[in-house]
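# Fold and contact review
These are the residues of each chain, in order.
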Amino acid sequence: MLTAIGFASVYISRKSHISTASLTYALFFFILYLAAHVVARFTVPNADPYLLPLAGLLTAIGLTEIYRLGPSNAFKQGLWVVIGVAVFALVIVVLRRDYRLLENYKYLFGLSAIGLLFMPLLPGIGQTVNGSRLWIHAGGLQFQPGELGKLALIVFLAAYLREKREVLAQGRVKDWGPLLVIWGSAMLVLFATGDLGSALLYYGIFLAILYAATARLTFVAAFVGLFLVGSAAVYEGTPHVRERVTNWLHPWTTQNVYCAFNGHYTLRQDCASYQMVQSLYSIAHGGYGGTGLGSGVFSNAQGAPLIPFLSTDFIYSAVAQELGLVGAAALLLIYMVFVLRGFRVSLAANDGFSKLLAAGLTFGFALQTFVIVGGILRVIPLTGITLPFVSYGGSSVISNFIVVAGLMLVSDRANA
Amino acid sequence: MNKQLNRLALFAVLMLTTLIVATTYWQSWAAGSLAAKQDNAIELVSQFEVARGLILAANGSTVLAADRKVKRNGQTFYFRRYPSKGLAAQTIGYSTSALSQTGLELSLNDYLTGATSNLSNAIQRTLNQIGGGTVYGDNVVLTINAQAQALAQKLLGDQCGAVVAMNPRTGAIDVMASSPTYDSNLIDKLGGYAKVLKTKGACGDSSALLNRATDGLYAPGSTFKMVTASAALDSGAFTPTSGFNDPGYCVEYGKHVSNAGNPDQNGPETYGHVTLAEGFQHSINSVFCNVGKQIGPKVILDYAKRFGFYSTPPLETPANQRLPSGLYKNNKLWFPKDPATEVDPGRLAFGQERLQVTPLQMLMVGATIANGGVVPRPYIVDKILGHDGSVVSRTRASSLGRAIKPETAAELNQMMVSVVQAGTGTAAQIPGIQVAGKTGTAETGVNKIYTAWFVSFAPADNPQVAVAVVLEKQLNGFGGAVSAPIAKQIMQKLLSH
């Protein structure tokens, strides 16, 4: 385990050093991970040894790229990573004896999930950014409560489905009640806030946990069917969604089409699909080997940035340009190893709640990666969510560290 | 529950694998086509990070295109500047940050940005990238003679037209001038492009951006008699001494087709009994009209094709900036199915009918006669040099095949000499040097407004230079009077080197 962390740290420092980031960053990072490791070593000695180094590796890649795109953002992100590690330590220390007591508070988690999702809609603290009302701000800090809501929902689903899996599998209707109420209202809130990426993510997590708990593919099929009907309705009803799908299917036009941003008629690649198209150009420009860290092209000859939200939602296209196919594939493989370790934890766990919790956290992690990177790569319509550990964004970093903490707690118990 | 978990894990792995496959698709298969997209700002910017190679005139003396180094936000960009202002502007084209590229800047872009995939370039590029150094493009040395080019542009002035000159032995282009022209530095300036678009020559309605030498189509008028005479002599149907009677007109489809008007006489010229050579010397339409009627349009067109008509002349400029010459119908190259019935043989023979030619094509006809009947392959890039001065590539002179027999070429050479000695082209005489030439004065459809041509080469016994001059919309301007003096000065300039 020490070797793994050591290797990761060396890798981290070397990466930071080669790029424009200063050595202090690397050293600071090393100490931070050492601290996280020491906490984990003493509190959960039997935990999976790969999860934390993998998370560290991803964070380091993200931090390096964020530093390259804007050094001031890297400092803020660094602070968020410190908070993330602190929360990680806190979760592990508090729940080291038995995290399963969370099961007893499942309805509390369910309600707080909805509460957290509702928060941005509240006047006063809610804030609309980029057309979606996802943020709350207090004392100069911005936060996306939905990131934590996601985790609360996973805890609720895991706990509830563990308890009711047999009766649900037999199809007793009344047991669906609380599940559908909590989950349904969560979805409703998500559509109301315009956060389609997260809606897709939650739906996927729900289906995954439902399938794992009941082993009924018919349930999954029914909900996928419902999803398709719902999608069709949403497609018809909201121009926002229609635009996303159009951009996905036809990002390039040869004739001028109406541009909602400025009311003129322009080519779609100069308007609605501009971001996606420029991001694809960025990826293509990387080629096999990439341009090298610090040598990528992200602004025009006048110095204006070419791709909006590059360091948050679109960080993958920045990484893919600078590190090329080799680097991008390596990044995705790190995610894959993390996900496989996560499922291993879930398989090794002894009780239903632990299994479902670990599976839910891991699947959510994988699905989130798929939704954003798949959106950027035109595999699915683009919806803006963060790339776990790599994207710039505080709430995302914290919630992902909680995911790691959760998985380590589960694995520690299973291996004890 | 583990069975479901395994399946979920498999599903998750499949999702992530899809991402790797999709990334591979965009970064390998689709990368080329994305890089070629016009709105790809990243490719545009990254091109300006390369120190673009120079474009130099012959002997490397005059710099036609160079770089302007600009530092912005810690990055160094290389923008284009054109130290010789508008010298050969349409041929060289431009490469700007605002608009894309044209001319040689477009067609030689891979060399100029060092992107051509030879091994040393690739290694150099990679080393530079790792070391953070500048990537240098290759320098291009043209065959353009800077002084002759400048003279041609000066002589053209604000008239609309073109001057092209080449070495008939090799096909190396010495001059390629098109008028009206523009200062290439304007294109990248605010409002500069609009200004260039508004540039009008004396003819009033033409674009300064058009390279008339290769992209301008004109009726060849009597210069086409070089082709008709080639067909008449080479096919064996006529000799230079074949006799004709010229009543001042020729009869076609039962109607009179008159000779050209003579400014000294009222009405068409009349010569009476003449030979084919005399008909050529004085550019008598009725003689060629009768030649055309006898040998037929198909033979004439077949010979025209041997000279390069009906195919786009090869050159290093972009293909969309060159046009093929031939019969045109509705602005499209026309291939008559049965020339004997569809084409008027008499009018074709003296270069009217539906004939549309580029100055470069007519130059190729003149150069072929000068070159003993072999069509020289035109080229404008002499060599491409690496940043360190090593030769990346060098153009070797080659031919496009034989158009006419050496004897025919010699007979035509002699006939063209007599045009300049005592015919329609006397204005092109150079003291001490025998010049061969052919005038052309094509009707434009507007009374007394002509397209004035002169195609020539010198010295006639050992041709070193061939030149074609065309001037648009000349009021009472005959080829021998307005175009021949320009050709003379260009030949003198080139022969003095």
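Residues numbered from 1 in each chain as written. Chains lettered and ligands numbered in written order. Predicted model: local features only at pLDDT ≥ 70, side-chain atom pairs only at ≥ 80, totals over all residues.

When its secondary structure is counted, chain A shows 14 helices and 5 strands. Across the 416 residues of chain A, 53% fall into the buried class. (Helix = DSSP H or I, 4+ residues; strand = E, 2+ residues; numbered from the N terminus. Buried ≥ 20, exposed ≤ 12 C-beta atoms within 10 Å, placed from the backbone.)

Our focus in this paragraph is the overall build of chain B. Of the regular secondary structure elements, chain B holds 18 helices and 20 strands. Looking at chain B as a whole, 53% of its 497 residues qualify as buried. Considering only residue pairs separated by 6 or more positions, chain B has 70% of its internal contacts joining residues 24 or more positions apart. (Contact = placed C-beta atoms within 7 Å.)

The peptide bond linking B:Ser179 to B:Pro180 adopts the cis configuration, its omega dihedral lying at 0°. With respect to the element layout, B:Pro180 can be found in the loop between β6 (173-179) and α9 (192-198). With omega at -20°, the peptide bond leading from B:Ala458 into B:Pro459 counts as cis. At A:Ala215, a residue that is not glycine, the phi angle is positive and equals roughly 60°.

Attention now goes to the sheet that holds strand β1 (residues 55-56) of chain B. Residues and elements named next belong to chain B. The 6 strands are arranged β3-β2-β1-β4-β15-β16 in an open sheet whose pairing can be described as mixed. Every other strand in the sheet has two partners, leaving β3 (75-81) and β16 (391-394) as the edge strands with one partner each. For strand β4 (residues 139-142) and strand β15 (residues 381-385), the ladder comprises 4 bridges, and the chain directions are antiparallel. Counterpart to Val141 in the pairing with β15 is Lys383. (Pairing = 2+ DSSP bridges.)

In this section: the interface of chain A and chain B. Listed by partner, the interface residues are 47 residues for chain A and 36 residues for chain B. Broken down by element, the residue count for the side of chain A that touches chain B peaks at 13 residues, all from helix α12 (residues 315-348) of chain A. Of the residues in the side of chain A that touches chain B, the class split is 30 nonpolar, 15 polar and 2 charged. (Nonpolar A, V, L, I, M, F, W, Y, C, P; charged D, E, K, R; others polar.)

Residue and element names in this part refer to chain B. Burial within helix α11 (residues 225-234) is extensive, with 10 of its 10 residues counted as buried. When we look at burial in α11, the residues that qualify are Lys225, Met226, Val227, Thr228, Ala229, Ser230, Ala231, Ala232, Leu233 and Asp234. Backbone geometry just after α11 places Gly236 at a positive phi near 85°.

All names here are of chain B. For the pair α11 and helix α17 (residues 406-422), the least separation of the axes is 10 Å and the interaxial angle reads 135°. Between α11 and α17, the angle falls in the class oblique. Considering how the two elements wind past one another, α11 and α17 form a crossing that is right-handed. Here Met226, Ala229, Ser230, Leu233 and Asp234 of α11 lie close against α17, whose contacting residues are Thr408, Glu411, Leu412 and Met415. Counted by class, the contact of α11 with α17 contains 5 nonpolar, 2 polar and 2 charged residues. (Axes fitted to C-alpha atoms, helices over the stretch in contact; angles between N-to-C directions. Parallel < 35°, antiparallel > 145°, perpendicular 65-115°, else oblique. Left-handed = near helix turned anticlockwise from the far one by under 90°.)

What follows covers the sheet that holds strand β12 (residues 332-333) of chain B. Residue and element names in this part refer to chain B. With antiparallel pairing, the 3 strands of this open sheet are ordered in space as β12-β11-β13. Each end of this open sheet is capped by a strand with a single partner; those strands are β12 and β13 (355-356). Examined bridge by bridge, strand β11 (residues 326-329) and β12 share 2 bridges and lie antiparallel to one another. Bridge pairing in β12 links Lys329 to Lys332.

With that out of the way, let us pick up helix α14 (residues 394-415) of chain A. With 22 residues, α14(A) extends 32 Å between its outermost C-alpha atoms, agreeing within 8% with the 32 Å of an ideal straight helix rising 1.5 Å per residue. Of all 22 residues making up α14(A), 20 are buried, and the element is well covered by its neighbours. (Expected span 1.5 Å × (residues − 1).)

For the rest of this paragraph, the subject is the confidence of the model for chain A. In low-pLDDT segments, the atomic positions of the prediction should not be examined closely. All names here are of chain A. Per-residue confidence for chain A gives a mean pLDDT of 83, with 88% of residues at or over 70. Ranking the elements of chain A by mean pLDDT puts helix α1 (residues 2-18) last with 48 and helix α13 (residues 352-376) first with 94. Contacts for the low-pLDDT stretch residues 13-21, under 50 throughout, to residues beyond four places or in other chains number 22 contacts. (pLDDT = per-residue confidence, 0-100.)

Here the focus is the nonpolar core. With 148 residues, the main nonpolar core has A:Ile209 and B:Leu16 as its most contacted residues. Those residues in contact with A:Ile209 that lie beyond four places of it in its chain are A:Leu157, A:Ala158, A:Leu161, A:Leu356, A:Ala359 and A:Gly360. If you look at the next biggest cluster of nonpolar residues, it comprises 128 residues, including B:Val175, B:Val196, B:Val435 and B:Ala468. (Core = buried A, V, L, I, M, F, W, Y, C linked by C-beta atoms within 7 Å.)

Quick look at the confidence of the model for chain B now. Put simply, chain B has an average pLDDT of 87, and 94% of its residues get 70 or more. Across the interface, the model reports ipTM at 0.90; the global pTM reads 0.68.

This part covers the environment of A:Ser282. The residue A:Ser282 is located in helix α11 (residues 274-286) in this model. Put simply, A:Ser282 and A:Val297 are 15 residues apart on the chain and 7.6 Å apart in space, counted from C-alpha to C-alpha. Setting aside residues up to four positions removed in sequence, A:Ser282 forms contacts with A:Ile307, A:Ser317, A:Ala318, A:Gln321 and B:Ile42.

Our next topic: the packing of helix α8 (residues 196-214) of chain A against α13(A). All names here are of chain A. Between α8 and α13, the shortest axis-to-axis distance is 9 Å and the interhelical angle comes to 145°. Between α8 and α13 lies a crossing of right-handed hand. On the side of α8, the interface is formed by Gly197, Leu200, Leu201, Gly204, Ile205, Ala208, Ile209, Ala212 and Ala213, while α13 contributes Leu356, Ala359, Gly360, Phe363, Gly364, Leu367, Gln368 and Val371. Class assignment of the residues belonging to the contact of α8 with α13 gives a composition of 12 nonpolar, 5 polar and no charged.

This part takes up the pairing of β15(B). Consecutive side chains of a regular strand alternate in pointing toward one face of the sheet and then the other. Residue and element names in this part refer to chain B. Within β15, 4 of the 5 residues are buried, which leaves the element mostly enclosed by the surrounding structure. Pairing geometry for β15 and β16, over 3 bridges, is antiparallel. Note that in β16 the partner of Ile384 across the bridge is Ser393. Hairpin geometry of β15 and β16 is characterised by an intervening segment of 5 residues between the two adjacent antiparallel strands and by a positive phi of about 95° at Gly389.

With that settled, consider the environment of B:Tyr310. All names here are of chain B. Topologically, Tyr310 is positioned in the loop between α13 (285-306) and β11. Measuring from C-alpha to C-alpha, the distance between Tyr310 and Val357 comes to 9.7 Å, with 47 residues separating the pair along the chain. Apart from the residues within four sequence positions on either side, Tyr310 is in contact with Lys305, Pro324, Gly326 and Leu333.

What follows covers the environment of B:Leu233. All names here are of chain B. Along the chain, Leu233 turns up in helix α11. Taking the C-beta count within 10 Å as the criterion, Leu233 has 24 such neighbours and is therefore assigned buried. In the structure, Leu233 is positioned 175 residues away from Thr408 in sequence and 6.2 Å away in space, judged by C-alpha atoms. Look past the residues within four positions of Leu233 in its chain and what remains in contact with it is Phe238, Thr239, Thr408 and Glu411.

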